[in-house]
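The residues making up each chain are set out below.
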Amino acid sequence: IDSFCELQFGKISTVYIEEETTFVITNLNTIPGETLTELDGGSLLGKVVKLAGTERFEVRTEVANMSVRGTEFRVQYGKNRETTVSVKSGAVAVLPVPSGWTEFEKETPGGEAFFRELAHMAPLIEAGEEVTIDREEAEKTEKIIKNYKKDIARINKKPDRATKLKDLATRV
């Protein structure tokens, strides 16, 4: 069966969810201009218009986070826990993410800001390129997170931790 589902996210994007795909919308503009999604299995095609500086459209799998701006792309996430990103036009920033990243992001002070900064520094996959991220590649990010957690623990022991935490989040 050749079936798909087309989702239109206002004027910023269209996502074509292919058959046998599990796709979750985790944040749909609860923060203006922010659309966050998860691909738990299968594949999707996306077209995202060029976004303004603070706007973001992201697709996340268990092992990778894709930040998309003005792009036509495809993401596949399979049973072998590999994420393959193909870009038709524009560019996609692809960040390998280790297991437990979502909990870290939500539970660690400054975790969301830290993640946004990492996502902005992620390598760009450009038109005509394809990359595959697997569990091993994603675990390389674990070292960065461990260092960040150590810095957070050290800051929390000091009296003026709110200011230092804010400083750390902006440094990253």
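Reading the values: rules and limits
Residues numbered from 1 in each chain as written. Predicted model: local features only at pLDDT ≥ 70, side-chain atom pairs only at ≥ 80, totals over all residues. Heavy atoms only, no water. Salt bridge = Lys/Arg side-chain N within 4 Å of Asp/Glu carboxyl O. Helix = DSSP H or I, 4+ residues; strand = E, 2+ residues; numbered from the N terminus. Buried < 20%, exposed > 50% of the residue type's maximum accessible area, 1.4 Å probe, protein only. Phe/Tyr/Trp six-rings, centres within 6.5 Å; stacked < 30°, edge-to-face > 60°. Pairing = 2+ DSSP bridges. Arc of directions from axis to C-beta. Core = buried A, V, L, I, M, F, W, Y, C linked by side-chain atoms within 4.5 Å. Contact = heavy atoms within 4.5 Å.

## Section: the pattern of salt bridges
Then, in step 1: Taken as a whole and judged by the stated rule, the model has six salt bridges.
Then, in step 2: Here R81 makes a salt bridge to E62, at a shortest N to O gap of 2.9 Å. A residue pair is termed long-range when its members are at least 10 positions apart, and R81 in the loop between β6 (64–77) and β7 (83–96) and E62 in the loop between β5 (56–60) and β6 qualify at 19 residues.
Then, in step 3: The partly exposed category is assigned to R81, whose relative accessible area is 37%.
Then, in step 4: Where salt bridges share partners, they join E34, R56 and E58 into one cluster.

## With respect to the packing of aromatic side chains
Then, in step 1: As enumerated under the stated definition, the model contains two aromatic pairs in all.
Then, in step 2: Between the aromatic rings of F9 and F57, the centroid separation amounts to 5.6 Å while the plane-to-plane angle is 75°, which identifies the pairing as edge-to-face. Taken as a pair, F9 in strand β1 (residues 4–9) and F57 in strand β5 lie far apart in primary sequence, 48 residues in all. Comparing F9 with F57, the two get one shared label, buried.

## A short note on the pairing of β1
Then, in step 1: Note that β1 and strand β2 (residues 13–18) share six bridges and pair antiparallel. Bridge pairing in β2 places E6 opposite Y16.
Then, in step 2: Between β1 and β2, which pair antiparallel and follow one another directly, the connecting turn spans three residues, one of which, G10, has a positive phi of 55°.

## Remarks on helix α2 (residues 111–121)
Then, in step 1: Taken together, the buried positions of α2 are G111, F114, F115, L118 and A119. Buried residues of α2, seen end-on, are gathered within an arc of 135° and therefore sit on one face of the element. Away from its buried face, by an angle of more than 90 degrees, α2 presents the exposed residues H120 and M121.

## Focus: the nonpolar core
Then, in step 1: Core analysis: the largest hydrophobic core is formed by 25 residues, its most contacted members being L44, F57, M66, F73, V92 and V94.
Then, in step 2: Taken together, the elements giving at least two residues each to this core come down to β2, β4 (34–48), β5, β6 and β7.
Then, in step 3: The element best represented in this core is β6, accounting for six residues.
Then, in step 4: Setting aside anything within four residues of it in sequence, one finds M66 in contact with F57, E58, V59, R60, T61, V75, T83, V85, V92, A93 and V94.

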